[in-house]
Amino acid sequence: MHALIVYCHPNSESFSKAVLDQVVETLKRQHVSLDLIDLYEEDFQPVLTKSDLDSYLDTSLNKQGLEHHIDVLQRCDTLIFVYPTWWYGLPAMIKGWLDRVLVPGVAFKLTEEGAIKPNLQNIKKLAVFTTCGAPRWLSFLMGTPGKKTILRGVRVLCNPWVKTRYVAHYNMDSSTESSRLRHLKVIDRKTRGLCKA
């Protein structure tokens, strides 16, 4: 098993960072090798520019400047996202990473008829570990768009038998030390489960 963790939070003292640390610690305890992309730490540029868009379909050009991200994505069999849910969805940095890295020739291939053929067959496990300021009922009422983007949109590009996990700490804005500690235990358990899946 080899994991790629895509982490997104601007505050190194956030609870999301504690979640990341728990995931990394658990994977290492399970002797799982991993790569970590910390989008804020590396000052990832999430904006899809006009130049990017102009070369989007050109598989000889659309990877330029993203070689490291694409390399680790194509080498992993487990893809894990750790981020805060903002406005019920993905932070702009994560959405921009999807826009810029999951390009034709990498995440999917386009047929002459314009059909999409999945190209991330190497990914057999896909997980999201997130926090939500809103309660669970409100997140579901709003349709959980961030969850759907990854566990539906990204999932269809992966191995057909990909296993998924989604774990959220809801009511984050009113969380307590005990609720956060309980959640980290859940993260540990779910990450160990990923290792066995």
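Since the model is a prediction, treat every value here as computed from it, not as a measurement.

(A) Structural view of unusual backbone geometry. Of note in the backbone geometry, Asp43 takes a positive phi value of approximately 55 degrees without being a glycine. Within the secondary structure, Asp43 sits in the loop between strand S2 (33-38) and helix H2 (50-54). According to the relative accessible area criterion, Asp43 is exposed, its value standing at 54%. Here the phi dihedral of Asn171 falls at roughly 55 degrees; this positive angle occurs in a residue that is not glycine.

(B) Layout of the packing of helix H1 (residues 15-29) against helix H7 (residues 177-196). Where H1 meets H7, the axes come as close as 9 Å, and the angle between the chain directions of the two elements is 35 degrees. Here H1 runs over H7; the crossing is right-handed. Here Phe15, Ala18, Val19, Gln22, Val23, Thr26, Leu27 and Arg29 of H1 lie close against H7, whose contacting residues are Arg180, His183, Leu184, Ile187, Asp188, Thr191, Arg192 and Cys195. Taken together, the residues that form the contact of H1 with H7 break down as eight nonpolar, four polar and four charged.

Rules of the game
Residues numbered from 1 in each chain as written. Predicted model: local features only at pLDDT ≥ 70, side-chain atom pairs only at ≥ 80, totals over all residues. Heavy atoms only, no water. Helix = DSSP H or I, 4+ residues; strand = E, 2+ residues; numbered from the N terminus. Buried < 20%, exposed > 50% of the residue type's maximum accessible area, 1.4 Å probe, protein only. Axes fitted to C-alpha atoms, helices over the stretch in contact; angles between N-to-C directions. Left-handed = near helix turned anticlockwise from the far one by under 90°. Contact = heavy atoms within 4.5 Å. Nonpolar A, V, L, I, M, F, W, Y, C, P; charged D, E, K, R; others polar.

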